[in-house]
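# Structure at a glance
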Amino acid sequence: MLFWSSFPFVRLTISFVLGILLGHFLEAKYNLFYVSFSFCCFLVLLLLSHFYNKQYQSQWLNGVLISSLICCLGFSHFSLSKENHMPPKLEAGSLISWIGRVESMQRNASLIKSFIVNVDKIECGGGWEDVSFNVLVYNKDTSLRIYPSDMIAALSKLREIESAKNPFQFDYKNYLSNKNVYYVFYEGNFAIDSSGISIYKLGSQLREYVEKIYRSPNLGREELGVLVALTLGDKSQIDIGNKKAFAGAGAMHLLAVSGLHVGIVFLLFNTLLQKLPNTRAFIVFRGVLLVGIVWGFALVTGFSPSVQRAGWMFSFVILAPLFRRNINVINSISLSAFILMLINPSALFEVGFQLSYSAVLGIVLIHPIVYRWIIVEDYLLDKLWSLLVVSLAAQLATLPLTLFYFHQFPNYFLLTNAIVIPLAFGIVFCAIIVLVVVSAFGWHFYLGELLDIQLSILNYCVSQITRLPHAVSNNLWIHPCSAFLIMSSIIFLIEYLYRINKKYLFGFLTSILSCLLLETYVDVNQLSKKQMTFYVTNKGAVFSHVVGLKGEVFYVNNENGINDRIVKDHFGAMGVELIMSHKLNARDAEQLVGIGDYSILISGNNETSNALCSDIKNFRNQKNFQLSQSIISSLTFLKNEEEILSLQKDDGLVQKCSFWLKY
């Protein structure tokens, strides 16, 4: 059974997370006086409660005060971290001389596509000013070779990161701000100092060495890309089609190095080291060596959040017996999360961090009780049943995040994991053997061919599963509150499985019903809405007209506008069905509808175009009408008759403007 008092680190981490969330959503500035004052108040109240509150029934007050104290620390830690990484006010478009240190890199095959730099100095007013903020540098130099911790300098034009310009579009600016990145440089000429040495640089060089060994058996391009992703976490060498296949089959977690991969490495070396004598000295040696192997693997794979989480967990599991301590897995998971957020509080908002901890908590809590439902005598079938339960637990625990962030669900995930996870064990095992053999003897002794066969089988199985009918459920957009309700229902379900108490079953059913009612309300509310949206695209002007749950798309001189992901995501998020698309041609225009100082060109004189013109006119006549000229799209807008006549001779766009009309 689960008892709240048994998990002190869980309570500590939850309070710390609440403090970080408060700091994030309130966007409060760090103020030393107020933070110190709040901390002192909670500390004084805690001391008074400890010395004067002797009644057992009131001991909960101490817990509340401790949690408030930790929440205050989380708030101040996050706010201070954001303030320390906040850049100075710089004018966009200006040339900036800067010096900084490389933090991380993103590759495209063997080329460095971009990298994040922590800028230490900028030239300001003829002198150098000490600063500390992160920038994203898009690299134009195809021969550039840099590593984390290298010092780099350049003269670059400063650009601000643009926020999302279309409704329900991925907000890249918000994504980078969670990494404390606020400016962008495009540069190809650098001055580099590579004399520095750091553990991150060593890890990057080791990755290059490992990848070089992987190329020696002459693996196929697709097989090499999957192997590098599977063992090093670098997906840059996998083409888009292969990525979609892995995502559709529910095997994308194989390409992101995670606790599964750390577990494979741990099990392999732990099995090999079991042959050592069972004396105290060898037990200590084995434990220290295993911890070194786990963190060495984390170093080579770039210290992703999931690998760090697994590294801390396995370290606790390995070292606890050496200090004669019992292991509480949930406490270990919570402590690892607390450590990672203490290092970087913004890690909480990374999707990988959230998915990693959701999956491992689901496995730890759900697997033990569901696994006991069926007793399998055969060894292999028992392992298969255990694997299926692990897959089910991980998928269930990550369901709300998967639907909210990715809007799809792999329907054959159980079949996929039953096939690909055993293959992953074999591939990682064979890859390690190849690394050892090639490093020692300079040749792979035909093990490379075995590795190539396993990778080919993996790719074939994934592609075949993706081709099965209804392999993926797409366009599953849910309200943020629905994601929270689904998460609540999963928590109630886990509590019910452990306690078999009707109140938890009631909580589970209530959460599910509330989620259904909320989604129904959203759809019903959409029925009474009319909306026009003008989109930013690089394929020409595109806008949509939505009435209730039916929508039409209009595009000007844009044959492929209807296939644009922007329009599909917008319609999917609203639950709107696309019923028709129309191409508008300026030369064939027969109707002009004025909005503000502009006119929209409408092609044709049919029922659809007439209804569209009528809706625009009705909206224009509303008293609260305002035209927002934010940069969202470009369309054909006309101000006077001369421009109309000119446009009829030339299909070019004559005016840029944009707005999002709702009525």
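Conventions used here
Residues numbered from 1 in each chain as written. Predicted model: local features only at pLDDT ≥ 70, side-chain atom pairs only at ≥ 80, totals over all residues. Heavy atoms only, no water. Helix = DSSP H or I, 4+ residues; strand = E, 2+ residues; numbered from the N terminus. Buried < 20%, exposed > 50% of the residue type's maximum accessible area, 1.4 Å probe, protein only. Contact = heavy atoms within 4.5 Å. Areas by Shrake-Rupley, 256 points an atom, 1.4 Å probe, with all protein chains shown as cover. Polar contact = N/O pair within 3.5 Å; in protein donor to acceptor, adjacent residues only side chain to side chain. Phe/Tyr/Trp six-rings, centres within 6.5 Å; stacked < 30°, edge-to-face > 60°. Expected span 1.5 Å × (residues − 1). Pairing = 2+ DSSP bridges. Core = buried A, V, L, I, M, F, W, Y, C linked by side-chain atoms within 4.5 Å. Axes fitted to C-alpha atoms, helices over the stretch in contact; angles between N-to-C directions. Parallel < 35°, antiparallel > 145°, perpendicular 65-115°, else oblique. Left-handed = near helix turned anticlockwise from the far one by under 90°. Nonpolar A, V, L, I, M, F, W, Y, C, P; charged D, E, K, R; others polar. Salt bridge = Lys/Arg side-chain N within 4 Å of Asp/Glu carboxyl O. Patch = residues over 30% accessible without salt bridge, like charges linked within 9 Å, V, L, I, M, F, W, Y side chains within 5 Å. pLDDT = per-residue confidence, 0-100.

### Let's talk about the overall build of the protein chain
Looking only at helices and strands, the protein chain features 22 helices and 16 strands. Across the 663 residues in the protein chain, those meeting the buried criterion constitute 45%. Across the protein chain, the fraction of contacts at a sequence separation of at least 24, relative to all contacts at a separation of at least 6, is 68%. On the protein chain, roughly 35,000 Å² of surface is accessible, and the fraction owed to carbon and sulfur atoms is 62%.

### Topic: the side chain of Ser198
Residue position: Ser198 is located in the loop between β6 (191-193) and α5 (199-215). A distance of 2.6 Å separates polar atoms of two side chains, one belonging to Ser198 and the other to Ser149. In contact with Ser198, other than residues within four places in its own chain, are Pro148 and Ser149.

### A short note on the packing of aromatic side chains
One pass over the full model with this rule turns up 20 aromatic pairs. Ring geometry for Phe133 against Tyr183: centres 6.2 Å apart, planes inclined by 75°, an arrangement best described as edge-to-face. Taken as a pair, Phe133 in strand β3 (residues 127-139) and Tyr183 in strand β5 (residues 181-187) lie far apart in primary sequence, 50 residues in all. Both residues of the pair, Phe133 and Tyr183, count as buried. On the basis of an interplanar angle of 45° and a centroid distance of 4.8 Å, the ring pair of Phe353 and Tyr357 is categorised as tilted. Of this pair, Phe353 and Tyr357 both sit in helix α13 (residues 351-371), separated by four residues, roughly a single helical turn.

### Quick word on helix α19 (residues 502-527)
Between its first and last C-alpha atoms α19 spans 37 Å; for 26 residues at 1.5 Å apiece the expected length is 38 Å, and the two agree. Among all positions of α19, only Tyr504, Gly507, Ser511, Cys515 and Gln526 are buried. Its side-chain oxygen placed 3.0 Å from the backbone nitrogen of Lys503, Asn501 serves as the N-cap of α19.

### Description of the pairing of strand β1 (residues 95-108)
Each regular strand carries side chains that alternate between the two faces of the sheet. Of the strand pairs in this sheet, β1 and strand β4 (residues 151-160) are connected by seven bridges, and their pairing is antiparallel. Looking at the pairing, Ile99 lines up with Ala153 of β4. Two elements, β1 and strand β2 (residues 111-124), share ten bridges in a ladder whose sense is antiparallel. Bridge pairing links Val102 to Val117 in β2.

### Comments concerning the nonpolar core
Tyr214, Leu227, Leu458 and Val462 are the most contacted members of the largest nonpolar core, which has 56 residues in total. Of the residues forming this core, the biggest block, twelve residues, is contributed by helix α16 (residues 413-441). Ignoring sequence-local partners within four residues, the contact set of Val462 consists of Ala245, Phe246, Ala249, Ala251 and Val420. Listed in part, the 21 residues of the second largest apolar core include Trp98, Phe115, Leu144 and Ala154.

### Brief notes about the packing of helix α9 (residues 259-273) against helix α11 (residues 305-319)
One can describe the packing of α9 onto α11 by two numbers: an axis separation of 8 Å at closest approach and a directional angle of 40°. It follows from the interaxial angle that α9 and α11 lie oblique. Classified by chirality, the crossing of α11 by α9 is right-handed. Residues Gly259, Val262, Gly263 and Phe266 of α9 form the contact with α11, whose participating residues are Ser306, Val307, Arg309, Ala310, Phe314 and Ile318. Along the lines of polarity and charge, the residues of the contact of α9 with α11 split into six nonpolar, three polar and one charged.

### Digging into the pattern of salt bridges
If you walk through the whole model with that rule in mind, you get eight salt bridges. Between Arg145 and Glu208 there is a salt bridge whose closest N-O contact spans 3.3 Å. With Arg145 in the loop between β3 and β4 and Glu208 in helix α5, this pair connects stretches of sequence that are 63 residues apart. Here Glu577 ties to Lys550 by a salt bridge, and the two come within 2.7 Å at their closest N and O atoms. Linking Glu577 in strand β12 (residues 577-584) with Lys550 in strand β11 (residues 550-556), this pair joins segments that are 27 residues apart in sequence.

### Section: unusual backbone geometry
Phi is positive for Asn218, which is not a glycine, with a value near 60°. Tracing the sequence through the fold places Asn218 in the loop between α5 and α6 (221-232).

### Points about the pairing of β3
When β2 meets β3, the two strands line up antiparallel, connected through ten bridges. In the strand pairing of β3, Phe115 is matched with Val137. Bridge analysis of β3 against β5 gives six bridges, and the strand direction is parallel. Each residue of the ladder has a partner; that of Asn134, found in β5, is Val181.

### Re a nonpolar patch on the surface
A surface patch of nonpolar side chains, about 510 Å² in accessible area, is lined by Phe441, Trp443, Phe445 and Tyr446. Structurally, Tyr446 can be placed in the loop between α16 and α17 (447-467).

### Quick look at α6
For α6, which comprises twelve residues, the first-to-last C-alpha distance of 16 Å matches the rise-based estimate of 16 Å (1.5 Å per residue) to within 8%. Immediately beyond the C-terminal end of α6, within one or two residues, lies Gly233, with a positive phi of roughly 75°.

### Considerations on the environment of Val300
Tracing the backbone shows Val300 in helix α10 (residues 280-300). Put simply, Val300 and Leu202 are 98 residues apart on the chain and 8.3 Å apart in space, counted from C-alpha to C-alpha. Residues in contact with Val300, not counting those within four places in the same chain, are Gly203, Leu206, Arg207 and Leu232.

### Observations regarding the environment of Asn474
Secondary-structure assignment places Asn474 in the loop between β8 (472-473) and α18 (480-499). Distance from Asn474 to Pro410, taken between C-alpha atoms, is 8.8 Å for residues 64 residues apart in sequence.

### Focus: the confidence of the model for the protein chain
Looking at the protein chain as a whole, its pLDDT mean stands at 78, while 79% of the residues score no less than 70. Counted against residues more than four places away or in other chains, residues 586-599, with its pLDDT under 50, gives 55 contacts. Overall, residues 623-663 carries pLDDT values under 50, and its contacts beyond four positions in sequence, including any with other chains, amount to 105 contacts.

### Observations regarding the packing of α11 against α13
Axis separation between α11 and α13 bottoms out at 8 Å; the angle between their running directions is 40°. Between α11 and α13, the angle is such that the two are oblique. Residue-level inspection shows Pro305, Ser306, Arg309 and Met313 of α11 in contact with α13, the latter providing Phe353, Ser356, Tyr357 and Val360. Residues of the contact of α11 with α13, tallied by class, amount to five nonpolar, two polar and one charged.

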